[in-house]
Amino acid sequence: MTRDPAAKPADLAPELARLGRRGLLRRGLTLGSLALLTGCGDLSTHSGIDAALWAMLRFDDRVQAALFSRTRLAETYPASRVTKPFRFNAYYPVWEVRPVPDNWRLAVAGRVTEKASWSLARLRALPQQGQITRHICIEGWSQIGQWSGVPLHLFLRRIGADLRARYVAFRCFDGYSTSIDMASALHPQTILALDFDWHPLTPEWGAPVRLRIPVKLGFKSAKNLQSIEVTNRYPGGYWEKQGYDWFSGV
Amino acid sequence: MQRLPEGRRPAHPLPVRIMHWVGAAAIITMMLSGWAIYNASPSLPFTFPRSVTLGGWLAAGIAWHISAMWVLFADGLCYVGYGFFSGHFRRDIRPVGVRALARDLGAAFTFRLSHRLGHYNAVQRLLYAGVILALCIQVATGLAIWKPVQLGWLAGLFGGYPVARGIHLAMMLGIAGFLVLHLALVAFFPRTLVSMVAPLDAEERR
């Protein structure tokens, strides 16, 4: 992981282009015409079309929740199928990966009875479970990896979580956040991963603890966890508030 | 078959005309939004110009795609049901023999293929049957890559998630190819466009 400042403008170019386009878009909309042609319908405006698209995303979430099975497992693979090299992915480039903060502890909050934070050693002392599963990105690409760690259902019971709460929210020390429904959180393959590729997680793969949830798209498997909250209030997330559909089950 | 007084019939019955245009809108919406999704991770060495995509970026492309999906699904179900029960598939779409196809293809390539409103020649039958099949595969692979775990059996049927995604892209290219040909043929016979909007009489053999 080398820090290469020269790479920065190029890496930011697509994002800047998108933001610039959004500015153009809003100006286009104030002209109040040709809504579709000016790009309205990209989820960034308060237009009727965008409102309709957001409503369809909410409808899609309900359909996906209905399709979800608590017992159906994601396909698992032999070690020989693990993708090498494994592709790094985050909302920032690899040279912006944060080191684990000193005195890191995993905080728990919300509808739980045991609110004490967790050290890595204490998490390691819990029963561990491994998996070799396919990580499917919302962009369409996919890769097979190996992770192991603490089953989330076991952790949630250990902290006395209200298992009838609606959401489990994850906050990360790299500024990322996401949230999942309780049914998916309790799925047997949903784990708090401590190891990747048979080694303890390193920062670019989500150290010291990440979520690994093979029944959802890759962006739900939050890395570099800082806190877990059990809540009934919709927590959203970094991508979700920009328009990635919230449920994003696979 | 819909009958008008004096034994006349429209070239295209009203249900076909309605389902054609609803389906056309849904398919074009899905294709253009699909291009926005494709651009996020192109598996061929090109991307689509953003100005022709619907949504402009991944999340909005998906939102359009899953919205139009319901329209296409409902329209497709109605059309397939209608096609079987009204005899439309058997009478108009079912491909005819190889000999008739060779004859009509030969005529088409020498620009001598006649077109009578309300009648389907062998080339049309092949094209329409082909695009209906491609659309069915497109819906199935789309479901497979939308839910590769919950519909794991479907993804498995296509050889797994990455293969199903490749087939989905290939079918899109096939449907796009059909559209180019279809529009070119409509340009040759502009009255077919009118007949898909208004109840023009079918042309009987003279």
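Residues numbered from 1 in each chain as written. Chains lettered and ligands numbered in written order. Predicted model: local features only at pLDDT ≥ 70, side-chain atom pairs only at ≥ 80, totals over all residues.

## A short note on the environment of B:Ser33
Residue and element names in this part refer to chain B.
Inference 1: Checked against the element boundaries, Ser33 lands in helix H1 (residues 14–40).
Inference 2: Residue classification places Ser33 among the buried residues on the basis of 25 C-beta atoms within 10 Å.
Inference 3: For Ser33, the residues in contact, after removing those within four places along its chain, are Leu54, Gly55, Gly61, Trp64, His65 and Ala68. (Helix = DSSP H or I, 4+ residues; strand = E, 2+ residues; numbered from the N terminus. Buried ≥ 20, exposed ≤ 12 C-beta atoms within 10 Å, placed from the backbone. Contact = placed C-beta atoms within 7 Å.)

## Digging into the sheet that holds strand S5 (residues 177–181) of chain A
Residue and element names in this part refer to chain A.
Inference 1: In spatial order, the strands read S1-S9-S4-S5; together these four strands make up an open sheet with mixed pairing. Sheet topology places strand S1 (107–110) and S5 at the edges, where each strand pairs with a single neighbour. In this sheet, neighbouring strand axes are inclined to one another by 20 degrees on average, regardless of whether the strands run parallel or antiparallel.
Inference 2: In this structure, strand S4 (residues 167–172) lies alongside S5, joined through five bridges in antiparallel fashion. Opposite Ala169, over in S5, you have Ser179 as the bridge partner. (Pairing = 2+ DSSP bridges. Axes fitted to C-alpha atoms, helices over the stretch in contact; angles between N-to-C directions.)

## Details of the nonpolar core
Across soluble globular proteins, nonpolar side chains show a tendency to be buried alongside one another.
Inference 1: Formed by 72 residues in total, the largest nonpolar core has its most connected members in A:Leu192, B:Ala59, B:Ala60 and B:Ala63.
Inference 2: A per-element tally of this core places helix H2 (residues 58–85) of chain B first, with ten residues.
Inference 3: Residue assignment places this core across two domains, with domain 1 (5–65) and domain 2 (74–242) of chain A each supplying three or more.
Inference 4: Residue contacts for B:Ala60: discarding those within four places in its chain leaves A:Gly41, A:Asp42, A:Leu43, A:Leu53, A:Gly243, B:Ala36 and B:Gly55. (Core = buried A, V, L, I, M, F, W, Y, C linked by C-beta atoms within 7 Å. Domains from an automatic or database assignment.)

## Quick word on unusual backbone geometry
All names here are of chain A.
Inference 1: Residue Pro85 is bonded to the preceding Lys84 through a cis peptide linkage, with omega at -5 degrees.
Inference 2: Its place among the elements puts Pro85 in the loop between helix H2 (48–67) and S1.
Inference 3: Here the bond from Ala207 into Pro208 is cis, since omega is -5 degrees, no more than 30 degrees from zero.
Inference 4: You can see Pro208 is positioned in the loop between strand S7 (199–200) and strand S8 (210–212).
Inference 5: Located in the positive-phi region is Leu43, a residue other than glycine, with phi close to 75 degrees.

## Side note on the packing of helix H5 (residues 122–146) of chain B against helix H7 (residues 161–188) of chain B
Axis angle and axis distance: for two packed helices, these are the angle between their axes and the distance between the axes, and together they describe the pair.
Residue and element names in this part refer to chain B.
Inference 1: Put simply, H5 and H7 touch, their axes get as near as 9 Å, and they point 150 degrees apart. By the angle between their directions, the pair H5 and H7 is classed as roughly antiparallel. For the pair H5 and H7, the sense of crossing is left-handed. From H5, Leu127, Val131, Ala134, Leu135, Ile137, Gln138, Thr141, Gly142, Ala144 and Ile145 reach across to H7, where they touch Tyr161, Ala164, Arg165, Ile167, His168, Met171, Gly174, Ile175, Phe178 and Leu181.
Inference 2: A class-by-class count of the residues in the contact of H5 with H7 yields 14 nonpolar, five polar and one charged. (Parallel < 35°, antiparallel > 145°, perpendicular 65-115°, else oblique. Left-handed = near helix turned anticlockwise from the far one by under 90°. Nonpolar A, V, L, I, M, F, W, Y, C, P; charged D, E, K, R; others polar.)

## Observations regarding the interface of chain B and chain A
Inference 1: Each partner contributes to the interface: chain B provides 23 residues, whereas chain A provides 30 residues.
Inference 2: For the side of chain B that touches chain A, the elements supplying multiple residues, two or more each, are H1, H2 and H7 of chain B.
Inference 3: Broken down by element, the side of chain B that touches chain A gets its largest block of residues, eight residues, from H2(B).
Inference 4: Grouping the amino acids of the side of chain B that touches chain A by side-chain chemistry returns 15 nonpolar, six polar and two charged.

## As for H1(B)
All names here are of chain B.
Inference 1: Between its first and last C-alpha atoms H1 spans 40 Å; for 27 residues at 1.5 Å apiece the expected length is 39 Å, and the two agree.
Inference 2: If you check which residues of H1 are buried, you get Met19, Ala26, Ile27, Met30, Met31, Ser33, Gly34, Trp35, Ala36, Ile37, Tyr38 and Asn39.
Inference 3: For H1, the elements touching its buried residues are H2 and H7. (Expected span 1.5 Å × (residues − 1).)

## Considerations on the pairing of strand S3 (residues 142–151) of chain A
All names here are of chain A.
Inference 1: Where strand S2 (residues 129–136) lies against S3, eight bridges are found, and the strand directions are antiparallel. Residue pairing in the sheet places His135 in a bridge with Gln143 of S3.
Inference 2: Taken together, S2 and the strand that follows it, S3, pair antiparallel across an intervening segment of five residues, in which Gly140 is found at a positive phi of about 115 degrees.
Inference 3: The pairing of S3 with strand S6 (residues 191–196) spans five bridges and is classified as antiparallel. Counted as the bridge partner of Ser148 is Asp195 from S6.

## Some points on the environment of B:Met19
All names here are of chain B.
Inference 1: Summarising the element assignment, Met19 is placed in helix H1.
Inference 2: As for Met19 and Cys78, which are separated by 59 residues in sequence, their C-alpha atoms are 7.8 Å apart.
Inference 3: The contacts of Met19, once residues within four sequence positions are left out, are Asp75, Cys78, Tyr79 and Tyr82.

## What about the pairing of S4(A)?
Each regular strand shows side chains that alternate between the opposite faces of the sheet.
Residues and elements named next belong to chain A.
Inference 1: Taken across its six residues, S4 has six buried, putting it largely inside the fold.
Inference 2: A two-sided burial pattern is seen for S4, the buried positions comprising Tyr167, Ala169 and Arg171 on one face and Val168, Phe170 and Cys172 on the other.
Inference 3: Here S4 runs beside strand S9 (residues 225–231); their pairing, made up of six bridges, is antiparallel. Within the sheet, the bridge partner assigned to Tyr167 lies in S9 and is Thr231.

## Examining the packing of H1(B) against H2(B)
Residues and elements named next belong to chain B.
Inference 1: Across the interface, H1 lies against H2 with an axial gap of 8 Å and an inter-helix angle of 150 degrees. One element, H1, and the other, H2, form an angle in the roughly antiparallel class. For the element pair H1 and H2, the recorded crossing hand is left-handed.

## Some thoughts on the confidence of the model for chain B
Residue and element names in this part refer to chain B.
Inference 1: Overall, the prediction assigns chain B a mean pLDDT of 91, with 96% of residues at 70 or greater.
Inference 2: Per-element mean pLDDT across chain B ranges from 87 in helix H4 (residues 98–109) up to 97 in helix H6 (residues 152–157).
Inference 3: Reported confidence for the predicted complex is 0.88 by ipTM and 0.87 by pTM. (pLDDT = per-residue confidence, 0-100.)

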